[in-house]
Amino acid sequence: MLPLANGRIIMRYADRLDLQRFVNRLLSRSLLTSDEQDAILDLPCHFATVKANRDFVGLREYVDHVSLIVDGIVGRFDQNRDGLRQITALHLPGDMANLHSVVQPRATSALQALSVATILRIPHDALRAATARRPALAEALWRDSMVDASILAQWVVNVGRRDARARIAHLLCEVATRLGAPNGQNGFRFAFAVTQFQIADATGLTSVHVNRILRSLRESGLADVRNREVRVLDWRGLIDAGDFDRNYLQTEIRPEDKLRILEAL
Amino acid sequence: MPRYFFHFRCGPEYVDDREGEILIDIAAARVRGETILRHILADDVQSGVLEMSSVILIEDEGHEVAGRVAFSDVLTLKLEGRESNMHQCEATDRC
């Protein structure tokens, strides 16, 4: 039943738009029937705002919901014995940041809002019920989790096999692509509300080093990163500097290559 | 806790730190400055060109200079097992 307060009704409509965005993301890689799409759109959810630098999933915490990022940037963190943190993933609007928690509710890494973030919380129980009778929907969610795994693998290559300049160029290319940058278009701008310190945590560098590299990228005419905004000046040059190949992001799946493998018995 | 700023200078290159980092005290800031410079020098080594004039200038919240970290503060060079800091090393022909 819809509550009477106007604001809440509007919010529910907005929630549905955000869920539609997630459905579209699933449809970019998987084939789903209208019933399966509706099962996502009808999920119960509630809207939450998280302050910048605030953990909303703690390390080893048991969670009973997933978090769909609506706005802002979220970082996945791990840390060493001394408490030194490393960002192991960036979650952008449209990402279901901890989809895997549906089947592994105990968090093995923390989630922190890097900027003010708005999220939709969706109960595990509802997702489990939606997928229990719809194996192709479970498959689409599984496939979405595999994109996160693919990104993580590239991040390992980034910190292990690329120098500082290439790491940052690669990160900028990745975020631009995930935010929908047309391939090869110079001048693409996107909000990137993270600090140099956070970029350093994501690339295994120090903030001063990041500062120096960003300046170098700007002076080389590749990208201008200022005031929490990125402007890609030379897309081809930035791709070369970052050794970036967008295939791992699986953003351009042809209709004939979209998959549907599992069917109900 | 106070915020410290870590500016980088290398010859004509100057990179201004406008974010800074919150640290317990100047001693912690100095340790942080040493870590920062070591990271930069390590990247230099990977690239094949080591710039020994690189320094980190530490400023406090009032933007007063609170410290300076140079190459010889963060690296000890050894030659045939013999330790030498950079100033001594620079004075010999062997380095």
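For the structure itself, look to the data block above.
Residues numbered from 1 in each chain as written. Chains lettered and ligands numbered in written order. Predicted model: local features only at pLDDT ≥ 70, side-chain atom pairs only at ≥ 80, totals over all residues. Heavy atoms only, no water.

Brief notes about the overall build of chain B
Here is the rule: Strands here are runs of E lasting at least two residues and helices are runs of H or I lasting at least four, both read from the DSSP assignment and numbered beginning at the N terminus. In what follows, residue pairs with any heavy atoms lying within 4.5 Å of each other are defined as contacts. Computed with the Shrake-Rupley method and a 1.4 Å probe, the accessible areas treat only the protein chains shown as cover for residues.
Counting its regular elements, chain B contains three helices and seven strands. Counting from the amino terminus, helix and strand elements in chain B follow one another as β-β-β-α-β-β-α-β-β-α. The contacts of chain B with a sequence gap of at least 6 include a subset with a gap of at least 24, amounting to 43%. Of the roughly 5,700 Å² of accessible surface on chain B, a fraction of 51% belongs to carbon and sulfur atoms.

Description of the packing of helix H4 (residues 135-161) of chain A against helix H5 (residues 164-178) of chain A
Residue and element names in this part refer to chain A. Note the following rule: Interaxial angle, 0 to 180 degrees, is taken between N-to-C directions of lines fitted to C-alpha atoms, where a helix line uses only the stretch in contact. Relative orientations are named as follows: roughly parallel for angles under 35 degrees, roughly antiparallel for angles over 145 degrees, roughly perpendicular for angles from 65 to 115 degrees, and oblique for any other angle. Note on convention: near helix rotated counterclockwise from far helix by under a right angle means a left-handed crossing. Clockwise means right-handed. The classification used treats Ala, Val, Leu, Ile, Met, Phe, Trp, Tyr, Cys and Pro as nonpolar, Asp, Glu, Lys and Arg as charged, and all other residues, Gly among them, as polar.
Relative to each other, H4 and H5 sit at 160°, their axes nearing to 9 Å. Here H4 lies roughly antiparallel to H5, going by the angle between them. Relative to H5, H4 is oriented so that their crossing is right-handed. Contacts from Ile151, Gln154, Trp155, Asn158 and Val159 in H4 reach Ala166, Arg167, His170, Leu171, Glu174 and Arg178 in H5. Its residues placed into classes, the contact of H4 with H5 shows five nonpolar, three polar and three charged.

Some remarks on the sheet that holds strand S10 (residues 229-232) of chain A
Residues and elements named next belong to chain A. In plain terms, the rule: Note: two strands are recorded as paired if DSSP finds a minimum of 2 bridges between them.
The strand order across the open sheet formed by three strands is S8-S10-S9, and the pairing between neighbours is antiparallel. Here the strands that pair on one side only, and so sit at the sheet edges, are strand S8 (189-191) and strand S9 (223-226). Between one strand axis and the next, the sheet turns through 15° on average, direction left out of account. The pairing of S9 with S10 spans four bridges and is classified as antiparallel. When the sheet's bridge partners are listed, Asp224 is paired in S10 with Arg231. Running at roughly 90° to S8, H5 makes contact with S8, S9 and S10 of the sheet.

With respect to the pattern of salt bridges
Using the following cut-off: Note on definitions: salt bridges are taken to be side-chain nitrogens of Lys or Arg within 4 Å of carboxyl oxygens of Asp or Glu. Exposure classes here rest on a 1.4 Å probe applied to the protein chains alone. A residue is buried below 20% of its type maximum, exposed above 50%, and partly exposed in between.
The tally for this structure, following the rule as stated, stands at 25 salt bridges over all chains. The shortest N-O distance in the salt bridge between Arg162(A) and Asp243(A) comes to 3.1 Å. With Arg162(A) in the loop between H4 and H5 and Asp243(A) in the segment after helix H8 (235-242), this residue pair connects regions lying 81 residues apart in the sequence. On the accessibility criterion, Arg162(A) (8% relative accessible area) is buried. Measuring nitrogen to oxygen at the nearest pair gives 3.2 Å for the salt bridge that ties Asp16(B) to Arg18(B).

Some words on the sheet that holds strand S5 (residues 85-91) of chain A
Residues and elements named next belong to chain A. In space, the four strands of this open sheet follow the order S2-S6-S4-S5, with antiparallel pairing throughout. Single-partner strands in this sheet number two, and they are strand S2 (54-57) and S5. Averaged over all pairs of adjacent strands, the angle between strand axes in this sheet comes to 40°, irrespective of strand direction. Across six bridges, strand S4 (residues 74-79) lies against S5 in antiparallel orientation. Within S5, the residue paired with Arg76 across the bridge is Ala89.

As for helix H3 (residues 124-132) of chain A
All names here are of chain A. The condition is simple: Starting at the helix axis, one direction is taken to each C-beta atom, and the arc is that of these directions.
Those residues of H3 that sit buried are His124, Ala126, Leu127, Ala130 and Thr131. For H3, the angular spread of the buried residues around the axis is 165°, confining them to a single face. Seen from the buried face of H3, the exposed residues on the opposite side, beyond 90 degrees, are Asp125 and Ala132. As for H3, its buried residues are in contact with helix H2 (34-41), strand S3 (65-71), strand S7 (117-123) and H4.

Quick word on the environment of Glu34(B)
Residues and elements named next belong to chain B. With respect to the helices, strands and loops of the structure, Glu34 is situated in helix H1 (residues 26-47). Note: C-alpha distance between Glu34 and Arg82 (48 residues apart in sequence) is 23 Å. Once residues lying within four places of it in the same chain are set aside, the contact partners of Glu34 are Val69 and Val74.

Functional significance is not addressed by these values, which are geometric in nature.
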